[in-house]
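Below, each chain spelled out in residue letters.
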Amino acid sequence: MSHTISLPRILVSTNTPKAPYKPVKRTHKPRTSVSTVKRVPSSLSRRTQNLNLEVSPHRAVSAVRLMRIELGGAFADLLNEKGKGSGDNEMGYVERTLGFRTKELDARDLRLVTDVVGGTIRWRRYLDYLICSICHDENTFRNIEPLLLQILRIGFYEIVKLDMPPYAVVDENVRLAKVALRPGAGNMVNGILRKLVLLKEKNSLPLPKLECDDRAQARALATIYSHPVWMVRRWTKYLGQEEAIKLMVWNNSDPSFSLRANGGKGVKRADLVMQLNLLQVPHELSLHLDDFIRVKTGLQTIIQAGLLKEGVCAVQDESAGLVVSVVDPQPGESIVDCCAAPGGKTLYMASRLSGQGMVYAIDINKGRLRILCETAKLHQVNRVITTIHTDLRKHADNNTAKYDKVLLDAPCSGLGVLSKRADLRWNRRLEDLEELKHLQDELLDAASLLVKPGGVLVYSTCSIDPEENEERVEAFLLRHPEFSVDPVDRFVPPEFVMKHGFYSSDPVKHSLDGAFAARLLRAL
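Within each chain, residues carry numbers counting from 1 in the order of the written sequence. pLDDT decides what is reported in this predicted model: residues at 70 or higher carry local features, side-chain atom pairs at 80 or more are listed and counted, and totals for whole chains, interfaces and linings draw on all residues regardless. Side-chain numbers here rest on the full set of heavy atoms in the structure, without hydrogens or water.

Per an unreviewed UniProt entry, the protein goes by Ribosomal RNA small subunit methyltransferase B and derives from Melia azedarach.

Structure follows, in structure tokens:
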């Protein structure tokens, strides 16, 4: 499924360790409220109006947010359409959880929270390995309480990956631990972080051995590059070890974003460039799509300036835009977007209809469809979008209408968007792929019923896994001989065309999110 941001909320590495280490699985009750995490002193809950000016705002917010993410109560992104109201929300969580407020988050603090939260999540496995190695005792690591563990992870990330002044990091995180927990917790943070600083200064940070056994190698690489072991094994199988490492390095890098000028509102790319120049936001023109611009930094500035809220542009990866190129919407056509929410591809297709034709946006989530309707009005394409709240499978069985083109942007593992979705790698299991493949087959069968003779069915994902991509198409074609592959070389640049005529974007090769699309033609 695509990940598009418009509004109102942006859902936007050889010394061996002193003690043997095995990855430690820390388990928490999945839906526990952060405010009820054990060992936060009860006296703090009564100090709800306390203002503490000594504690670092970005660290307090980051620690609480990391707990909320790990317990399933938050996403990794922080920004909203104003770029600042989210800071007030986050400080409210800090007050309810820790019993005090810090000074308000300024723009620099918001950027730091984004960097620290995203980076700490990406590097979680590696950071935990370092913490466990320095503790010299797996049981000690297992028994570290949730808030204290997040404070340690933040300190380790700031020292090892952000290269912040080490003793300032130590002092600030010690102060947070003492105020939020108790003096003894601060002493523990002080001792562990100072050991880390000494190891880093001596260039002797522990790393696991890359042993000869394939399984041991996969475990070591999973720790060094901070990914689940099953992903490392899978990518090594399909890509080879060298390419798997390159992919993990990409996933751990700071993500870049693309902006799509809203043609439905008459905004040209040149207009958007002018706005970005006025805001002094560095940018590059897309090499592949005329409506798109790449930005590496400055997204918060763009949000604060109201460009998203006013419908001037949307945040949408070029890989998703190229899927729309594969669909090739033309004025006057009837098009179905089968799993439409959050609606990025729906809106882009609608903007290319020049006011003629219709995009029928089907989704099972009523709330997300409502947001899509609101955004369509903002983008001035609502006259060519009709939303349908239903399960695609039931709709296809009960519907006799046939359409020119049908896009199935299927639910998938999201393995192509791990750079932007920092938390996703830890929320996916190998077992999920089997369930998703079954669902993808069912949805493909249902979507095919909506295609008129001579019409087009496009199947797409934001995954790089062949079992979700090529293999699903091949299995579908065996079940549906009335469909055949329509090569995508007429619709996308040649570097995105696979040997069987499918579209594929490669994160490492193209510096885009990973995505896949197959264009299938129904016989007359």
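Asks: What exactly am I supposed to notice about the pattern of salt bridges here?
Replies: Side chains that carry opposite charge are capable of pairing whenever their charged atoms lie near each other. Here, a salt bridge means any Lys or Arg side-chain nitrogen found within 4 Å of an Asp or Glu carboxyl oxygen. Counting across every chain of the model gives 33 salt bridges. Between arginine 153 and glutamate 70 there is a salt bridge whose closest N-O contact spans 2.7 Å. On the criterion of sequence distance, the pair formed by arginine 153 in helix H6 (residues 146-160) and glutamate 70 in helix H1 (residues 57-70) is long-range, its members being 83 residues apart. Here arginine 429 makes a salt bridge to glutamate 435, at a shortest N to O gap of 4.0 Å. Think of it in three bands: residues with accessible area under 20% of the maximum for their type are buried, residues over 50% are exposed, and the middle band is partly exposed, with areas taken using a 1.4 Å probe on protein chains only. Relative accessible area serves as the criterion here: at 44%, arginine 429 is assigned to the partly exposed category. The network of salt bridges with common partners includes Arg234, Glu434, Lys437, Asp465 and Glu467. Per the convention used, a helix needs a DSSP run of H or I reaching at least four residues, while a strand needs a run of E reaching at least two, with both numbered from the N terminus.

Asks: Please explain unusual backbone geometry as it appears in this structure.
Replies: Trans is the common state for peptide bonds, and a negative phi is the common state for residues other than glycine. At the junction of alanine 341 and proline 342, the peptide bond is cis and its omega measures out at 10° in the coordinates. Inspection of the secondary structure assignment puts proline 342 in the loop between strand S7 (334-337) and helix H15 (344-351). Phi at asparagine 203 takes a positive value of approximately 55°, unusual for a residue other than glycine. Within the element layout of this structure, asparagine 203 appears in the loop between helix H8 (183-201) and helix H9 (214-224). A positive phi angle, near 55°, is found at aspartate 328, a position not held by glycine.

Asks: Where do I start with the state of the cysteines in this structure?
Replies: Working definition: the covalent bond between the sulfur atoms of two cysteines is a disulfide. In this description, the term disulfide denotes a pair of cysteine sulfurs within 2.5 Å. Under the criterion given, the structure shown has zero disulfides. Sulfur of cysteine 338: no disulfide; nearest cysteine sulfur belongs to cysteine 339 and is 6.2 Å away. On the basis of relative accessibility, which here comes to 2%, the residue cysteine 338 falls in the buried class. Sulfur of cysteine 412: no disulfide; nearest cysteine sulfur belongs to cysteine 462 and is 3.4 Å away.

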